[in-house]
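What the coordinates show
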Amino acid sequence: MNTEFLNPSVNVRGVFLFIAGVSVVMLVLVTSIMVFFLIKYDRKRNPTASDIEGNLPLEISWVVIPTVLVVAMFYYGWTGFSVMREPPADAMNVKVSARMWSWSFTYENGKKSGELTVPLNRPVKLIITSEDVIHSLFIPAFRVKEDAVPGMETYLWFLPDRTGSYDLFCSEYCGAGHHAMVSKVIVMSREDFSRWYEKKEKDGAN
Amino acid sequence: MTAEEDISFYGSRGRHKGVLSWILSTDHKRIGLLYLTSIFGFFFVAVIFGVLMRLELIAPGRTIMSAQTYNAVFTLHGVIMIFLFIIPGIPASLGNFILPLQIGAKDVAFPRINLMSWWFYISGGTAVLVSLFTGSGPPDTGWTFYVPYSIRTGTNVTLAVFGVFLLGVSSTLTGLNFVTTVHRLRAPGMKWFRMPLFIWSLYATGWVQILATPVLAITLLLLIAERLFGFGFFDPSKGGDPLLFEHLFWIYSHPAVYIMILPAMGAVTEIIPVFARRTIFGYKAIAFSSLAIAAAGYLVWGHHMFTSGMSDISKAVFSFLTFIVAIPSGIKVFNWVASLYKGSIELRSPLLYTVSFIFLFSIGGLTGLVNGALATNIYVHGTYFIVAHFHYTMFGGTAFAFFAALHYWFPKITGRMYREAPAKNALLVLFTGFNILYFPMFILGIEGMPRRYYDYLPQFHRDHLISTIGSWILVAGLIMMFYNLIRSVFKGDTAGDNPWGGSTLEWTTSSPPPHENFKEVPVVTGGPYKFR
């Protein structure tokens with residue numbers, strides 16, 4: 001399986017660059033034409049105005065071209081998103097429980113942790129719920145986010161494709177400790193992860 | 001008092017004297033000014049909250065306030081800015097003053113309901129302010145009042161929510177009044193397609209106010225019932241659903257952003273032809289795009305909920321509809337720019353504010369595309385990217401257009417002229433401060449900084465610091481602009497009835513207008529924006 005192709009974070013970057021690119025071109029065009037008109041048709045240079053009430057071909061073109069562009073944006077956004085909603089079958093399942101104001105991660109073997117420790121290059125599926133109010137699990141490095149809603153299970157998946165320690169935030173406001181509901185994603189080599197995963201003592205230090 | 005002032009509405013007090021001649025007046029012009037002063041009063045309260053937030057965020061860790069205080073401050077900043085400033089904003093103040101004048105009417109259709117809506121407004125605003133100082137502390141839920149947090153928190157949410165309910169009643173009544181006025185009170189000869197485009201935008205806004213605001217009222221009453229009696233509408237442990245609240249809330253609150261922006265678009269559409277001395281480009285396209293925005297705006301609320309756990313099929317549909325609503329907004333921008341083509345442009349302050357509006361609103365609109373696309377929304381949702389986006393649309397968009405309109409209609413309202421150079425200098429400072437304040441927030445969002453954070457990790461410090469410095473420049477610009485305007489109310493030169501050479505009906509009567517607006521009922525024989 002070509003996991004690199006499937007990595008949803010690559011899709012997010014692609015969609016962002018496409019939309020941002022089109023947006024910058026549009027903004028520069030609109031602004032420079034506007035400024036050009038302001039200078040060229042200043043009252044000193046152009047004392048009499050011409051009344052132009054419309055121009056059908058022009059008006060059709062600036063309906064049709066933006067429509068094509070935004071439908072393309074929708075399409076790329078949607079296909080990129082579809083990948084994010086289809087966790088690979090070999091993904092490691094981790095249950096996430098959010099509460100005011102901490103995270104708890106429970107692994108398939110029953111191990112619990114306050115930080116999310118995952119092996120390199122194995123897709124991770126998080127099954128998320130909340131014990132109290134709405135929270136949202138956000139890992140900027142892997143471009144994923146999903147709300148933790150009480151009474152409901154939501155999910156997301158990502159591919160930890162580089163080792164290291166990455167920020168994990170709560171991104172749905174949840175009270176006085178919202179800003180401190182911050183944890184880490186620790187991506188380890190498979191060997192290190194196995195060692196950590198099999199360790200019996202409770203990971204209470206976190 | 002000179003003879004000229006005698007005939008203006010300032011001289012016709014009605015049955016009451018002093019302050020009562022204002023707060024009990026049914027004259028749409030007096031009510032418009034009541035709104036204008038109270039709206040900007042609340043605006044300044046919320047600006048102070050905003051400055052305090054930025055000051056707290058100047059460096060990581062505690063700077064001037066506790067986390068709980070910070071949460072209350074951003075909640076009140078949001079509640080006041082949204083429900084007391086930007087939603088009533090242009091329609092209730094300038095719309096009230098200008099709408100009957102532009103269609104050649106003596107007043108709105110229901111003058112006493114008009115006064116009643118101001119009383120609902122001021123009562124709601126008072127309730128929101130009282131919630132700050134009474135009970136067990138100011139509300140700390142954010143302006144969105146998301147459950148279950150808003151049910152669990154011990155702070156004064158019920159009173160604040162009741163205040164917002166009253167504001168909703170006020171807004172609905174204003175919408176009803178404007179729609180009826182446009183249908184029934186147009187001057188002889190003013191056919192639908194002879195109406196100024198500001199009227200079209202107020203008309204479209206009125207329908208949104210009538211149809212969407214009751215949903216907010218219901219939602220807020222359910223929330224109050226849930227808090228007081230534990231009904232369990234939204235509480236999963238009692239069979240309720242938190243997502244139900246999100247749906248109900250955004251069914252109103254997304255159309256509400258079009259209540260905020262449509263009148264702003266209408267106002268700049270008045271300004272551009274007057275200072276370009278030519279007719280508007282694509283009159284019907286602009287009129288219909290207002291209606292299209294109002295109609296399609298009802299169907300996109302789900303784009304606030306792409307990470308909420310809502311079904312994937314509804315995410316796809318809401319994303320698609322969100323992109324569709326971008327098209328009429330784009331049409332308006334292209335029409336505004338095209339309306340400068342071959343004009344004879346005089347770059348006075350109303351037009352300069354308008355040009356700033358077009359630039360800032362374009363940034364706000366285009367960044368909305370990033371939010372609208374599903375793949376990228378997941379990343380930027382709930383981050384500073386969103387904060388930057390809606391400040392570019394709402395402040396850079398609506399508020400800059402409001403300032404443009406305030407300068408444009410200032411001579412009509414007061415009969416006096418503000419000083420031109422200070423108005424332009426204020427804009428320069430405002431525009432600079434605005435971008436220094438809000439542009440770094442796009443970068444913070446892309447770097448992954450979540451919003452509504454009292455404290456942040458050290459990697460975000462630089463952009464927060466720049467943003468806070470921007471807030472000081474922005475406030476300086478606001479002070480310069482309002483000083484110039486307020487000073488000119490009392491000391492400005494006499495403006496004359498039509499200082500800009502405007503061609504819509506409000507410029508045919510005296511400045512300030514007389515009690516019932518026109519000496520004789522005007523008869524309309526052609527479209528607006530005819531300059532020769």
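Residues numbered from 1 in each chain as written. Chains lettered and ligands numbered in written order. Predicted model: local features only at pLDDT ≥ 70, side-chain atom pairs only at ≥ 80, totals over all residues. Heavy atoms only, no water.

1. Some remarks on the side chain of N156 of chain B
All names here are of chain B.
- With respect to the helices, strands and loops of the structure, N156 is situated in the loop between α7 (149-152) and α8 (157-184).
- For N156, a relative accessible area of 13% gives the class buried.
- Among the polar contacts made by the side chain of N156, one reaches the main-chain carbonyl oxygen of S131 at a distance of 3.3 Å.
- If sequence neighbours within four positions are ignored, N156 has contacts with S131, T134, G135, G137, P138 and P139. (Helix = DSSP H or I, 4+ residues; strand = E, 2+ residues; numbered from the N terminus. Buried < 20%, exposed > 50% of the residue type's maximum accessible area, 1.4 Å probe, protein only. Polar contact = N/O pair within 3.5 Å; in protein donor to acceptor, adjacent residues only side chain to side chain. Contact = heavy atoms within 4.5 Å.)

2. Observations concerning the interface of chain A and chain B
- Contact residues are listed per partner, giving 73 residues for chain A and 83 residues for chain B.
- Roughly 6,700 Å² of surface becomes buried between chain A and chain B when both sides are summed, with 70% attributable to carbon and sulfur atoms.
- The interface formed by chain A and chain B contains 3 salt bridges.
- Joining chain A to chain B, the criterion identifies 22 residue pairs in polar contact (both at pLDDT 80 or more).
- Listed by contribution, the elements that provide at least two residues to the side of chain A that touches chain B are α2 (8-40), α3 (56-84), β6 (135-139), β7 (144-148), β8 (154-158) and β9 (164-170) of chain A.
- At 15 residues, the largest contribution of residues to the side of chain A that touches chain B is made by α3 of chain A.
- Residues that form the side of chain A that touches chain B fall into these classes: 43 nonpolar, 17 polar and 13 charged. (Buried area = accessible area lost by both parts, 1.4 Å probe. Salt bridge = Lys/Arg side-chain N within 4 Å of Asp/Glu carboxyl O. Nonpolar A, V, L, I, M, F, W, Y, C, P; charged D, E, K, R; others polar.)

3. Observations regarding the nonpolar core
- If you look at the biggest cluster of nonpolar residues, it comprises 247 residues, and the most contacted ones within it are L116 and L126 of chain A together with F83, F145 and F403 of chain B.
- With 22 residues, the top contributor of residues to this core is helix α10 (residues 242-276) of chain B.
- Two domains share this core, each providing at least three of its residues, namely domain 1 (3-84) and domain 2 (92-198) of chain A.
- When neighbours within four sequence positions are excluded, L126 of chain A is seen to be in contact with V94, V96, L116, L137, I139, T154, Y155, L156 and F158 of chain A. (Core = buried A, V, L, I, M, F, W, Y, C linked by side-chain atoms within 4.5 Å. Domains from an automatic or database assignment.)

4. Some remarks on unusual backbone geometry
- At the junction of M100 of chain A and W101 of chain A, the peptide bond is cis and its omega measures out at 0° in the coordinates.
- With respect to the helices and strands, W101 of chain A occurs in the loop between β1 (92-99) and β2 (102-106).
- The step from S511 of chain B to P512 of chain B runs through a cis peptide bond, and the omega angle for that step is -10°.
- Tracing the chain through its elements places P512 of chain B in the segment after β2 (493-494).
- A positive phi angle, close to 60°, is found at N121 of chain A, a residue other than glycine.

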